[in-house]
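Here are the chains, one letter per residue:
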Amino acid sequence: MNIVKQKSPCIRKLFPVILLLLMTCCARVAITPPSPPLDHQAMTGIISVFKKQATVVRTLVSSGTLTLDIKGSESDTKVLIVATRHPSKIKIEITHTWGRPLLHILIKGSNLDILSFTDKRLYSGQLGNLGLTRLIPVPLSPELIWTLARAYPVLLNHNRALSVNGNQITFLDQGGDKIQVVDLYPESDLPQRVSFCKQNAEVIFSDFQNNDSIQYAKEIEMNSPNDNARLALEIRQITFNKPVPDAIFQLETPRDFEVVPLRNANREN
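Note that the structure is predicted; figures quoted are calculated from it, not measured.

J.: Account for the nonpolar core, with residues named and values stated.
T.: With 61 residues, the main nonpolar core has Ile81, Ile90, Ile94, Ile105, Ile169, Val203 and Ile220 as its most contacted residues. Leu115, Leu122, Leu251 and Phe257 belong to the second largest nonpolar core, which has 8 residues in total.

Here it is in structure tokens:
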């Protein structure tokens, strides 16, 4: 005997309702079409703002919290940054949250000295030395360091700028290779993310403030995918364009500290 199951009339009446609901849901989650690329006039205006911001800061003093995340191991420290733009000098003092000094970093142009209170050593060399990665496992260059200290991106020297995607500007060198990509907040044209292509690093900016026409982000994050490292800076206080005594840009090295060239730092324990 063949038994044929009959569908309930109530269920048949529900089919159109279910179909209508599905169609309504699909309509609500429709993907917004991407923004069109920026035109030449828009790009020129945004780049001019970046160039103006590059000239308005001569000196800065800031303090806040520095977080370093290496392969999932995270540590918080206090940080004090003092910097001048011309000539380029930056001093960074990193201490434990309870006040014990960890690192004092002095950068003059491309010259670099790191006073490590943990190792009882003064490491000396140049930005880009391979030995630097053991002490600071994120890629650093003069432009990246000033970007972090200034809390606003430095535009690299470039040959051409173009916009392929909405709210984004790509900068190329003379060979046509990407050197920098800037992603913008749509509502303000402020920098949201800046990729330094040759260093394989990206810097993310949030919580922008305006201090007498000086734009800066209170929260800055630098990611280095190659090194599985993340560095985050949260600024609590910052002062711009106040006189900075030149004596600040010195390192007081204790007598029992050993001087080690950075090129040898990775070879030693």
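J.: Give a description of helix H2 (residues 40–53) that names residues and reports values.
T.: A rise of 1.5 Å per residue sets the reference length of H2, with its 14 residues, at 20 Å; its end C-alpha atoms lie 20 Å apart and thus fit the reference within 8%. Every buried residue belonging to H2 is among Met43, Ile46, Ile47, Phe50 and Gln53, and all of these are buried. Buried positions in H2, seen along its axis, are confined to an arc of 115° and lie on one side of it. More than 90 degrees from the buried face of H2, the exposed residues found are His40, Gln41, Lys51 and Lys52.

J.: Can you break down helix H4 (residues 142–150) residue by residue, with the values?
T.: Burial of H4 is extensive: 7 of the 9 residues sit out of reach of the surface. Every buried residue of H4 is accounted for by Leu144, Ile145, Trp146, Thr147, Leu148, Ala149 and Arg150.

J.: Tell me what's going on with the packing of aromatic side chains, and back it up with residues and numbers.
T.: Under the definition given, this model contains 5 aromatic pairs. Judged by centre distance (5.8 Å) and plane angle (75°), the rings of Phe117 and Phe257 are edge-to-face. Of this pair, Phe117 sits in the loop between strand E5 (111–116) and strand E6 (121–126) while Phe257 sits in the loop between strand E13 (229–240) and strand E14 (258–261); the two residues are 140 residues apart in sequence, bridging distant segments of the chain. Relative to Phe208, the ring of Tyr152 has its centre 6.4 Å away and its plane inclined at 85°; by these criteria the two rings are edge-to-face. Within this pair, whereas Tyr152 is found in the loop between H4 and strand E7 (160–162), its partner Phe208 is found in strand E11 (residues 201–211), the two being separated by 56 residues in sequence. By the ring-pair criterion, three or more aromatic residues cluster together here, those being Phe50, Tyr152, Phe205 and Phe208.

J.: Could you give an account of the confidence of the model for the protein, naming the residues involved and the relevant values?
T.: In the predicted model, the protein carries a mean pLDDT of 85, and the fraction of residues at 70 or more is 82%. Predicted confidence for residues 1–7 stays below pLDDT 50, and this span has 2 contacts to residues more than four positions away or in other chains. Across residues 17–27 the pLDDT falls below 50, and counting only partners more than four positions away or on other chains, this stretch makes 0 contacts in the model.

J.: Outline the pairing of strand E9 (residues 178–184), supporting the account with residue identities and numerical values.
T.: The buried fraction of E9 amounts to 6 of the 7 residues, a majority that puts the element mostly inside the structure. Direction of pairing for strand E8 (residues 168–172) relative to E9: antiparallel, over a ladder of 5 bridges. Within E9, the residue paired with Ile169 across the bridge is Val182. Linkage of E8 to E9, two consecutive antiparallel strands, is achieved through a turn of 5 residues, within which Gly176 is found at a positive phi near 85°. Taken together, the 5 bridges between E9 and strand E10 (residues 191–196) define a ladder with antiparallel strand orientation. Among the inter-strand pairings, Val181 is bridged to a residue of E10, identified as Ser195. The turn joining E9 and E10, which pair antiparallel and follow one another in sequence, is formed by 6 residues; a positive phi near 65° is taken by Asp189.

J.: Explain the environment of Ser206 residue by residue, including any values.
T.: Its place among the elements puts Ser206 in strand E11. With 14 residues separating them along the chain, Ser206 and Gln192 place their C-alpha atoms 6.7 Å apart. When near neighbours in sequence (up to four residues on either side) are disregarded, Ser206 contacts Tyr185, Ala217, Lys218 and Glu219.

J.: Which residues make up the pattern of salt bridges, and what are the values?
T.: Opposite charge on two side chains permits them to pair, given that their charged atoms come into close proximity. Within this structure, the stated rule accounts for 7 salt bridges. With a shortest N-O distance of 3.4 Å, Arg193 and Glu202 are connected by a salt bridge. Residue classification places Arg193 among the partly exposed positions, given a relative accessible area of 29%. Judged by its relative accessible area of 22%, Glu202 falls in the partly exposed class.

J.: Before we move on, can you summarise the side chain of Asp183 with the specific residues and values?
T.: Along the chain, the position of Asp183 falls in strand E9. One polar contact links Asp183 to Gln168, side chain to side chain, over a distance of 2.8 Å. Residues in contact with Asp183, not counting those within four places in the same chain, are Asn167, Gln168, Leu190, Pro191, Gln192 and Arg193.

J.: Which residues make up the environment of His158, and what values do they have?
T.: Relative to the assigned elements, His158 resides in the loop between H4 and E7. Assessed through its relative accessible area of 31%, His158 is described here as partly exposed. Sequence-wise, His158 and Gln174 are 16 residues apart; in three dimensions their C-alpha atoms are separated by 7.3 Å. Setting aside chain neighbours within four positions, we find His158 in contact with Phe171, Leu172 and Ile179. At 2.9 Å, the side chain of His158 and the backbone oxygen of Leu156 are in polar contact.

Calculation rules
Residues numbered from 1 in each chain as written. Predicted model: local features only at pLDDT ≥ 70, side-chain atom pairs only at ≥ 80, totals over all residues. Heavy atoms only, no water. Core = buried A, V, L, I, M, F, W, Y, C linked by side-chain atoms within 4.5 Å. Buried < 20%, exposed > 50% of the residue type's maximum accessible area, 1.4 Å probe, protein only. Helix = DSSP H or I, 4+ residues; strand = E, 2+ residues; numbered from the N terminus. Expected span 1.5 Å × (residues − 1). Arc of directions from axis to C-beta. Phe/Tyr/Trp six-rings, centres within 6.5 Å; stacked < 30°, edge-to-face > 60°. pLDDT = per-residue confidence, 0-100. Contact = heavy atoms within 4.5 Å. Pairing = 2+ DSSP bridges. Salt bridge = Lys/Arg side-chain N within 4 Å of Asp/Glu carboxyl O. Polar contact = N/O pair within 3.5 Å; in protein donor to acceptor, adjacent residues only side chain to side chain.

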